[in-house]
Amino acid sequence: MAGYDLPAYWPDAEYSQFVDSTGLRWHVQIRGQGPDLLLLHGTGASSHSWVPMARLLSSDFRVIAPDLPGQGFTELAPPPQCSLAGMSRAIGGLLNDLNASPRVIVGHSAGAAIAASLCLRGSFNPQAIVSINGAMLPFGRAAAPVFSKAAQLLAASPVFTQLVALHAVPRKPVERMLRQTGSSTPEEMIRCYRELLGNPRHVAATLRMMANWDLEQLEVNLDRLHPSLSLLVCDNDSVVMPEQGEELVRRVPGSVLHRIEGLGHLGHEENPEWFADQVRSVFRPE
């Protein structure tokens, strides 16, 4: 499909598959053998964000890392499918088509909210959810409807998304954006973000996800979350404040908080070894 082909330099492209499921053509990277481990990236990223960790974890798990709808190299979904509930249903359908039953689900930022939603919907019952700088509580509750409406308008404007993409292609704006997350991003990752942010479809999908994102229903049901929840929080995160992890550990029964110094919102890209060890620590072989 034109516009969805991987660049020749895309990291670990030999593990990439294109899968037709839930009315979409998905890009998924699958590697390793063993119990299923699902990795869900955050808003505006793609499965590339997991490559450093996936390389380490493929000796212990079958690692499944999809691109969310419209992001990376997965086909753009209609707006209702870009909501939290819509993405959860779509991910559940994809996993069923892959005959996958994750024993551990790892979510970064908004991916952590999708992981929790999958379990609260009863789609899957993993042993554990690992949240990396998870965005699981509403941002600025009073302002959320305003930002949602603004994102809806911008996502509907092809001129705006083209302008954003054209601005993002040069290296300096992308590096500046990544630094603002509090992270020092490796070169391999910077190259991938430049590719993604230069793609108007990816930009439109990111805005569409923001426009349809509603965490209020998730928030009121978090106390019913059954799998153990491991909250991994980076002290330098300037996107999801570390205080959100502290609030979550107070509100979610049985959850555990681990903080690491010197890393930002993309900490799992900066120090994949520490995060891979945390994932291994929550898994209990049966």
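Here, the structure is the one placed above.
Here's what I pulled together on the structure shown here. (Residues numbered from 1 in each chain as written. Predicted model: local features only at pLDDT ≥ 70, side-chain atom pairs only at ≥ 80, totals over all residues. Heavy atoms only, no water.)

1. Some details on unusual backbone geometry
Short version of the rule: Starting at the N terminus, helices and strands are each numbered in turn, a helix being any DSSP run of H or I of at least four residues and a strand any DSSP run of E of at least two.
A positive phi angle is found at aspartate 12, which is not glycine, with a value near 55 degrees. Inspection of the secondary structure assignment puts aspartate 12 in the segment before β1 (16–21). Even without glycine at this site, asparagine 133 takes up a positive phi of about 45 degrees.

2. Let's talk about the packing of helix α2 (residues 84–97) against helix α3 (residues 110–120)
Selection criterion: As a rule, the C-alpha atoms of each element are fitted with a line to give its axis, helices using only the stretch in contact, and angles between N-to-C directions run from 0 to 180 degrees. For classification purposes, an angle smaller than 35 degrees is called roughly parallel, one larger than 145 roughly antiparallel, one from 65 to 115 roughly perpendicular, and anything else oblique. Only heavy atoms enter the contact rule, under which two residues are in contact if any of them lie within 4.5 Å. Any residue outside Ala, Val, Leu, Ile, Met, Phe, Trp, Tyr, Cys, Pro, Asp, Glu, Lys and Arg is labelled polar, Gly included; the first ten of those are nonpolar and the last four are charged.
Between α2 and α3, whose axes approach to 9 Å, the crossing angle comes to 70 degrees. When the interaxial angle is binned, α2 and α3 end up roughly perpendicular. In this structure, α2 contributes Leu84, Met87, Ser88, Ile91 and Gly92 to the contact, and α3 contributes Ala113, Ile114, Ser117 and Leu118. Here the residues of the contact of α2 with α3 are counted per class, giving six nonpolar, three polar and no charged.

3. Some thoughts on the side chain of aspartate 12
Basically, it comes down to this: Only protein chains enter the accessibility calculation, which uses a 1.4 Å probe; a residue is then buried when its area is under 20% of its type maximum, exposed when over 50%, and partly exposed in between. As used in this structure description, the phrase polar contact means that two N or O atoms lie within 3.5 Å; if the pair is within protein, one of them must be able to donate a hydrogen and the other to accept it, and residues adjacent in sequence are counted only when both atoms belong to side chains.
The exposure class of aspartate 12 is buried, given its relative accessible area of 13%. Within the local environment of aspartate 12, its side chain forms a polar contact with the side chain of arginine 31, the two groups lying 2.7 Å apart. Excluding residues that lie within four positions of it along the chain, aspartate 12 makes contacts with Gln29, Arg31, Val51 and Arg55.

4. Some thoughts on the packing of aromatic side chains
Test applied: Paired rings are identified among Phe, Tyr and Trp, the last through its six-membered ring, by centres lying within 6.5 Å, and are further divided according to the angle between planes into stacked (under 30 degrees), edge-to-face (over 60) and tilted (the rest).
Counted by the stated rule, this structure contains four aromatic pairs. Note on tyrosine 9 and tryptophan 10: the rings are 6.5 Å apart at their centroids and 45 degrees apart in plane angle, and the pair reads as tilted. Residue classification places tyrosine 9 among the partly exposed positions, given a relative accessible area of 30%. Note on tryptophan 10: relative accessible area 3%, which makes it buried. Centroid distance tryptophan 274 to phenylalanine 275: 4.8 Å. Interplanar angle 85 degrees. Geometry classified as edge-to-face.

5. Some details on helix α10 (residues 242–251)
Heads up, the rule is: The arc in question is the one traced by the directions running from the helix axis out to the C-beta atoms.
The complete set of buried residues in α10 reads Pro242, Gln244, Gly245 and Leu248. The arc enclosing the buried residues of α10, seen along the axis, measures out at 150 degrees, which places them on a common side. On its buried face, α10 is in contact with β7 (228–234) and β8 (256–260).

6. Here's the deal with the nonpolar core
What counts is decided by this rule: Residues enter a nonpolar core if they are buried and are Ala, Val, Leu, Ile, Met, Phe, Trp, Tyr or Cys, with the set joined through side-chain atoms within 4.5 Å.
Ranked by size, the top nonpolar core spans 43 residues in total, and within it Ile91, Ile114, Trp213 and Leu218 carry the most contacts. Within the residue set of this core, elements represented by two or more residues are β2 (24–31), β3 (36–40), α2, α3 and β7. Broken down by element, this core gets its largest block of residues, nine residues, from α3. Each residue touching isoleucine 114, except ones within four places of it in the same chain, is listed here: Leu40, Leu68, Leu84, Met87, Ser88, Ile91, Met209 and Trp213. One finds Leu37, Val63, Leu232 and Leu263 within the second-largest nonpolar core, a separate group that totals 23 residues.

7. A closer look at the pattern of salt bridges
Should their charged atoms come close, side chains of opposite charge can pair. Rules: Whenever Lys or Arg places a side-chain nitrogen within 4 Å of a carboxyl oxygen from Asp or Glu, that contact is recorded as a salt bridge.
Across all of its chains, the model carries ten salt bridges by this definition. Measuring nitrogen to oxygen at the nearest pair gives 2.7 Å for the salt bridge that ties aspartate 12 to arginine 31. Within this pair, whereas aspartate 12 is found in the segment before β1, its partner arginine 31 is found in strand β2, the two being separated by 19 residues in sequence. You can call arginine 31 buried: its relative accessible area is 5%. Where glutamate 219 meets arginine 251, a salt bridge forms, and the shortest distance between an N and an O atom there is 3.1 Å. One end of the pair, glutamate 219, is in helix α9 (residues 216–221); the other, arginine 251, is in helix α10, and 32 residues separate them in sequence. For glutamate 219, a relative accessible area of 14% puts it in the buried group.

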